[in-house]
Amino acid sequence: MYMTHLQQLFINNIRYYRSVAGYSQVAFSEQLGLSPNYLNAVENGKNFPSPEVLQRILDVLNLLPYELFLEKPTSQTQAKNNETAQIVEDLKQQIIERFDSVLQKC
């Protein structure tokens, strides 16, 4: 099957950003609300996602649209993803601590 350069960039970047975010293909498909088979077909160039699915991908991976089509993902993008992951972890910890505090008062 012939793939354009743009399709190959998209596929490579989806795989790259998914792995940087720490998602397996199955976990990523769950986050997107898609079947693992569909995501596998996207990552193998058999399907191309609709605009709605593209938006979900961008939202879950915290990316801007152009980042899915970069020739080579930049370290700046990777740093942004790492920073976002750290912020999420910090927020989770704060929520747990506050929840524990509320429970202790009960």
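Residues numbered from 1 in each chain as written. Predicted model: local features only at pLDDT ≥ 70, side-chain atom pairs only at ≥ 80, totals over all residues. Heavy atoms only, no water.

Asks: Can you break down the overall build of the protein chain residue by residue, with the values?
Replies: When you go through the protein chain residue by residue, the secondary structure sums to five helices and zero strands. Ordering the α and β elements of the protein chain from the N terminus gives α-α-α-α-α. Relative to a compact globule of 106 residues, whose C-alpha radius of gyration would be 13 Å, the protein chain shows 17 Å and is clearly more extended. C-alpha atoms of the protein chain, sized along the principal axes, occupy 65 × 30 × 20 Å. Separation between the mean location of the 9 positive side-chain charges and that of the 11 negative ones in the protein chain comes to 4 Å. (Helix = DSSP H or I, 4+ residues; strand = E, 2+ residues; numbered from the N terminus. Rg over C-alpha atoms; globule rule 2.2 N^0.38 Å. Lys, Arg positive; Asp, Glu negative; His and termini not counted. Charge placed at Lys NZ, Arg CZ, Asp CG, Glu CD.)

Asks: Can you lay out the packing of aromatic side chains for me, pointing to particular residues and giving the numbers?
Replies: All chains considered together, the criterion is met by four aromatic pairs. Between Phe 10 and Phe 69 the ring centres are 5.6 Å apart and the planes differ by 25°, which places this aromatic pair in the stacked class. Separated by 59 residues along the polypeptide, Phe 10 in helix H1 (residues 5-20) and Phe 69 in the loop between helix H4 (51-61) and helix H5 (75-105) bring together distant segments of the chain. The structure contains a cluster of three or more aromatic residues connected by ring pairs, namely Phe 10, Phe 48 and Phe 69. (Phe/Tyr/Trp six-rings, centres within 6.5 Å; stacked < 30°, edge-to-face > 60°.)

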